[in-house]
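Descriptive analysis of the structure
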Amino acid sequence: MSDYPTKPLKDFREYPVGEMRERLRQFYAEVNRRRSVREFSDRPVPRDIIETALKAAGTAPSGANLQPWHFVVVSGAETKKKIRKAAEDEEKEFYEHRASAEWLAALEPLGTDSNKPFLETAPYLIAVFLQKYGELPDGRKVKHYYPVESTGLATGILITALHHAGLATLTHTPSPMKFLNQILGRPKSERPFLLLVVGYPADDARVPDIGRKPLQEFTSFVDS
Ligand code: IYR
């Protein structure tokens, strides 16, 4: 055993199995209502709501607990406009040239195109960056482990927390999105992971009529 300090696991809670089932039933029902939304209202959302959701994201497990992520919360009109312009330029290239016919066919049910008005309408854009390595104040580099997996886990918790709070999100991945480093002044040790659009849905928001795979299709059990 190492000599690092430990403390008792006092916050763990066990529930009777019946209660476990009921809690999970409710949790599943709640997360199953989550939909990616592409039509946002400009209604404001208090900043402390976003801060608490980010604290929840920051509880994610990470490689060697190095927490290799950084979140930039954008609410200013000027920066949102710059991001929209840069994202739409990339998306135009994507839809008109870069995307394969197969990729465009896969996107068909989502009805997406290169027009991204929500990048200016929604009250918040949260740019998620993964830190390829850490940087100490003296300039030395700290190796990060599993930054992609860790940042993915943190982002999943963030999306779930915002949904739990009654907000809509869209995971947006303009590709390439290196422009986010430049617009947001992030160092080259950080790679843009995704752009999360956050706010209330527009009053008349519609979503694609698509569904989720049943459990049997994405799970197998090995009991032997
Ligand atoms: N980035 C583009 C295309 C796109 C790609 C995937 I994979 C999606 O699930 C949805 C869209 C866009 O945002 O339109």
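Description of the structure in this document. (Residues numbered from 1 in each chain as written. Predicted model: local features only at pLDDT ≥ 70, side-chain atom pairs only at ≥ 80, totals over all residues. Heavy atoms only, no water.)

1. Some thoughts on the pairing of strand β5 (residues 168-172)
Taking burial as the measure, the 5 residues of β5 include 4 buried ones, the bulk of the element. Of the strand pairs in this sheet, β5 and strand β6 (residues 190-199) are connected by 5 bridges, and their pairing is antiparallel. Looking across to β6, one finds that Ala168 is bridged to Gly199. (Buried < 20%, exposed > 50% of the residue type's maximum accessible area, 1.4 Å probe, protein only. Helix = DSSP H or I, 4+ residues; strand = E, 2+ residues; numbered from the N terminus. Pairing = 2+ DSSP bridges.)

2. Let's talk about the pattern of salt bridges
The final tally for this structure, using the stated rule, is 7 salt bridges. The salt bridge partner of Glu120 is Arg84, with a shortest N-O separation of 2.9 Å. With Glu120 in helix α5 (residues 118-121) and Arg84 in helix α3 (residues 77-98), this pair connects stretches of sequence that are 36 residues apart. Judged by relative accessible area, which is 18%, Arg84 ranks as buried. Among the salt bridges present, the one from Lys85 reaches Asp89, with a minimum N-O distance of 2.8 Å. Placement of the pair is Lys85 and Asp89 together in helix α3, with a separation of 4 residues, close to one helical turn. (Salt bridge = Lys/Arg side-chain N within 4 Å of Asp/Glu carboxyl O.)

3. Focus: the layout of surface pockets
Roughly 460 Å³ of volume is contained in the largest pocket. Looking at the largest pocket, it is lined by 22 residues, and the ones nearest its centre are Arg38, Leu107, Leu110, Thr112 and Thr171. Looking at the lining of the largest pocket, the elements that each hand over two or more residues are α3, α4 (101-107) and β5. Residues of the lining of the largest pocket, tallied by class, amount to 9 nonpolar, 7 polar and 6 charged. (1 Å grid on protein atoms, 1.4 Å probe; cavity = no way out; pocket = protein on both sides within 12 Å on 5 of 7 lines; lining within 4 Å. Points joined across faces, edges and corners; volume = space filled by probe spheres on them. Nonpolar A, V, L, I, M, F, W, Y, C, P; charged D, E, K, R; others polar.)

4. Digging into the packing of helix α2 (residues 47-57) against helix α6 (residues 147-164)
Two elements in contact, α2 and α6, have axes whose closest approach is 8 Å; the angle formed by their N-to-C orientations is 140°. Considering their axes alone, α2 and α6 lie oblique with respect to each other. For the pair α2 and α6, the sense of crossing is right-handed. The segment α2 lies against α6, with Ile50, Ala53, Leu54, Ala56 and Ala57 engaging Ala154, Ile157, Leu158, Ala161 and Leu162. (Axes fitted to C-alpha atoms, helices over the stretch in contact; angles between N-to-C directions. Parallel < 35°, antiparallel > 145°, perpendicular 65-115°, else oblique. Left-handed = near helix turned anticlockwise from the far one by under 90°. Contact = heavy atoms within 4.5 Å.)

These values are about where atoms sit, not about what they do.
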